[in-house]
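Breakdown of the fold
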Amino acid sequence: MTVNLEVADGVGTIRLDRPPMNALDIATQDRLRELAEEVTHRDDVRAVVLWGGEKVFAAGADIKEMQAMDHAAMVVRSKGLQDAFNAVARIPKPVVAALTGYALGGGCELALCADFRIAADNAKLGQPEILLGLIPGAGGTQRLARLVGPSKAKDLIFTGRHVKVDEALTFGLVDRVVPAAEVHEQAHAWAARLAAGPALALRAAKESVDAGLETDIDTGLAIERTWFAGLFATEDREIGMRSFVEEGPGKAKFR
């Protein structure tokens with residue numbers, strides 16, 4: 001398999017494994033979608049890590065495979081491409097991308113599907129599709145602009161340049177920079193900490209933020225209000241409030 005799933009301590013690690021550069025060919029895209037749907041429905045997975053290994057996250061699409069496709073073939077395939085990435089973005093659990101080496105093109109777009117990005121100090125990110133006479137096709141024009149703003153997104157998409165992590169950190173393309181040897185460990189620790197939290201509240205928080213960004217503030221507030229009130233029907237809310245009153249904040253053991 002070009003993508004594998006390992007589960008430990010409530011954390012599902014979706015591991016890209018297509019050496020040497022984890023090029024995202026059609027089989028890899030489809031496998032990503034399958035595993036994203038699997039972790040969505042598995043109760044033993046409460047948080048997710050996207051990981052490409054010690055050397056590279058993903059250097060982009062399989063260019064040789066795409067070169068052989070004509071317009072008609074890509075009209076059909078482009079939806080499958082976006083469906084795979086959308087499935088990752090819509091995992092209703094916390095997702096962190098652990099970035100090493102290159103996260104370019106489709107690799108950068110996959111990282112954009114995560115809620116949080118931890119990058120190695122030697123990582124490079126970018127959307128170089130313009131250098132092929134193309135534009136990003138797996139969500140880059142949309143998710144990148146929403147994350148870093150339209151001006152910076154256009155800078156990266158128009159030029160196709162590679163961005164080192166120190167710059168990426170300044171405008172929010174990555175959230176934390178760590179030594180390369182610590183990327184997976186810190187990503188797993190972040191996910192494990194959230195995996196111990198209240199699963200339905202985390203889902204509510206993620207869906208409220210993500211759905212709210214796609215609509216006006218009044219509709220977003222209505223989404224928030226519905227989730228907020230609904231959580232009063234959960235056992236985790238009872239546990240959290242009782243623990244706060246009896247023991248103080250931050251000591252609840254959620255189920």
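In the block above lies the structure referred to throughout.
Below is a short write-up of the structure. (Residues numbered from 1 in each chain as written. Predicted model: local features only at pLDDT ≥ 70, side-chain atom pairs only at ≥ 80, totals over all residues. Heavy atoms only, no water.)

1. Side note on the packing of aromatic side chains
Across all of its chains, the model carries 2 aromatic pairs by this definition. On the basis of an interplanar angle of 5 degrees and a centroid distance of 5.1 Å, the ring pair of Phe116 and Trp190 is categorised as stacked. Linking Phe116 in strand S6 (residues 116-120) with Trp190 in helix H8 (residues 183-195), this pair joins segments that are 74 residues apart in sequence. Both residues of the pair, Phe116 and Trp190, belong to the buried class. Residues Phe228 and Phe232 carry aromatic rings whose centres are separated by 5.6 Å and whose planes lie at 70 degrees to one another, so their mutual orientation is edge-to-face. (Phe/Tyr/Trp six-rings, centres within 6.5 Å; stacked < 30°, edge-to-face > 60°. Helix = DSSP H or I, 4+ residues; strand = E, 2+ residues; numbered from the N terminus. Buried < 20%, exposed > 50% of the residue type's maximum accessible area, 1.4 Å probe, protein only.)

2. Brief notes about the nonpolar core
One finds Leu50, Phe57, Leu99, Leu125 and Leu173 to be the most contacted residues of the largest nonpolar core, which totals 45 residues. If one sorts the elements of this core by residue count, helix H3 (residues 71-89) sits on top with 6 residues. Ignoring sequence-local partners within four residues, the contact set of Leu50 consists of Ile14, Phe57, Val88, Val95, Val96, Ala97, Ala98, Leu110 and Ala114. Counting 16 residues, the second-largest nonpolar core is a separate cluster that includes Ala98, Ala120, Val178 and Leu194. (Core = buried A, V, L, I, M, F, W, Y, C linked by side-chain atoms within 4.5 Å. Contact = heavy atoms within 4.5 Å.)

3. Observations concerning the sheet that holds strand S9 (residues 176-178)
Strand order in this open sheet of 6 strands is S1-S2-S3-S4-S6-S9, and the pairing throughout is mixed. The open sheet has two edge strands with one neighbour each: strand S1 (3-8) and S9. For this sheet, the mean inter-axis angle between neighbouring strands, taken without regard to orientation, is 20 degrees. In this structure, S6 lies alongside S9, joined through 3 bridges in parallel fashion. Bridge pairing links Ile118 to Arg176 in S9. In this fold helix H1 (residues 26-41) packs onto S1, strand S2 (11-16) and strand S3 (47-51), with an angle of close to 25 degrees to the strand it touches most, S1. (Pairing = 2+ DSSP bridges. Axes fitted to C-alpha atoms, helices over the stretch in contact; angles between N-to-C directions.)

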